[in-house]
Amino acid sequence: MTEKAAFSLRDLQSNEVISLSHYSGKPVILQFWVSWCPDCMREVPLLEQFYKSMNNDELIVLTVNVTGREGAIEQRDAFIEKNQLTVPVLEDDGTKVYDLFNCTSVPTTVLLDAEHRIQDVYSDKDKFQDILYGITRLLPR
């Protein structure tokens, strides 16, 4: 996908509909996850730590719970509570946005540039350090 990405999903914490276009001109980190996935159990809390440590608005961090691959919604909600997630958690419409980005596994982390074109995609096989390196390339110098 080389064209600009676009979607709107409901934020589970605020219940607002969030559109990617709200963040026009800013790079975005998108992480797709489900609560039953061991790699997600490790990586989502790392992204949460990164999100909490950020002190600027040059970079947007969003997570997407892939409801079409999720077990029970109660399990997802317990995962959010257990990990005290403050990073926005968007609720996918089944696998609609997951499929839009051609994801094949969870977690999948997609880095979008300021024009919301895909710059990098990281799968469950990649290390979080690799994602952090990719993020540094998104930020203005």
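Here is a short report on the structure shown in this document. (Residues numbered from 1 in each chain as written. Predicted model: local features only at pLDDT ≥ 70, side-chain atom pairs only at ≥ 80, totals over all residues. Heavy atoms only, no water.)

**A closer look at the pairing of strand 4 (residues 60–65)**
Stated formally: Categorising residues by exposure relies on relative accessible area from a 1.4 Å probe, with only protein chains included: less than 20% of the type maximum marks a residue as buried, more than 50% marks it as exposed, and the intermediate range marks it as partly exposed. Helix and strand assignments come from DSSP, with helices taken as H or I runs of at least 4 residues and strands as E runs of at least 2, each series counted from the N terminus. Strand pairing is defined by DSSP finding a minimum of two bridges between the two strands. Handedness is read with the strands pointing away from the viewer; a crossover is right-handed when the path from the first strand over the helix to the second is clockwise.
Taken across its six residues, strand 4 has six buried, putting it largely inside the fold. In this sheet, strand 4 lies alongside strand 3 (residues 28–33) in parallel orientation, the contact comprising six bridges. Paired with Leu30 across the strands is Leu62, a residue of strand 4. Where the polypeptide runs from strand 3 across helix 1 (residues 38–53) and back to strand 4, its parallel neighbour, the crossover connection is right-handed. Two strands pair when backbone bridges link them, and strand 4 and strand 5 (residues 89–91) are joined in this way by three bridges, in the parallel orientation. If you follow Val64 over to strand 5, its bridge partner there is Leu90. One crossover worth recording links strand 4 to the parallel strand 5 by way of helix 2 (residues 73–82), and it is right-handed.

**Details of helix 1**
Cut-off, in case you're wondering: In this scheme, a helix's expected span is set at 1.5 Å multiplied by one less than its residue total. Think of it as the arc spanned by the lines of direction from the helix axis to the C-beta atoms. Any two residues whose heavy atoms approach within 4.5 Å at even a single point are treated as in contact.
The terminal C-alpha atoms of helix 1, which comprises 16 residues, lie 24 Å apart, in line with the 22 Å expected from a rise of 1.5 Å per residue. Every buried residue of helix 1 is accounted for by Cys40, Glu43, Val44, Leu47, Glu48 and Phe50. Projected down its long axis, helix 1 carries its buried residues within an arc of 160°, all on one side. Exposed side chains of helix 1 directed beyond 90 degrees from the buried face belong to Pro38, Gln49 and Ser53. Along its buried surface, helix 1 packs onto strand 3, strand 4, helix 2, strand 6 (108–112) and helix 4 (128–138).

**Section: the pattern of salt bridges**
Rules: In the sections that follow, a salt bridge refers to a side-chain nitrogen of Lys or Arg positioned within 4 Å of a carboxyl oxygen of Asp or Glu.
Enumeration over the complete set of coordinates arrives at ten salt bridges. For Glu115, the salt bridge identified is with Arg117, shortest N-O distance 3.2 Å. In this structure Glu115 comes out as partly exposed when scored by relative accessible area, which is 40%. For Arg117, a relative accessible area of 34% corresponds to the partly exposed category. Between Asp120 and Arg137 there is a salt bridge, and its shortest N-O distance comes to 2.8 Å. Linking Asp120 in strand 7 (residues 118–122) with Arg137 in helix 4, this pair joins segments that are 17 residues apart in sequence.

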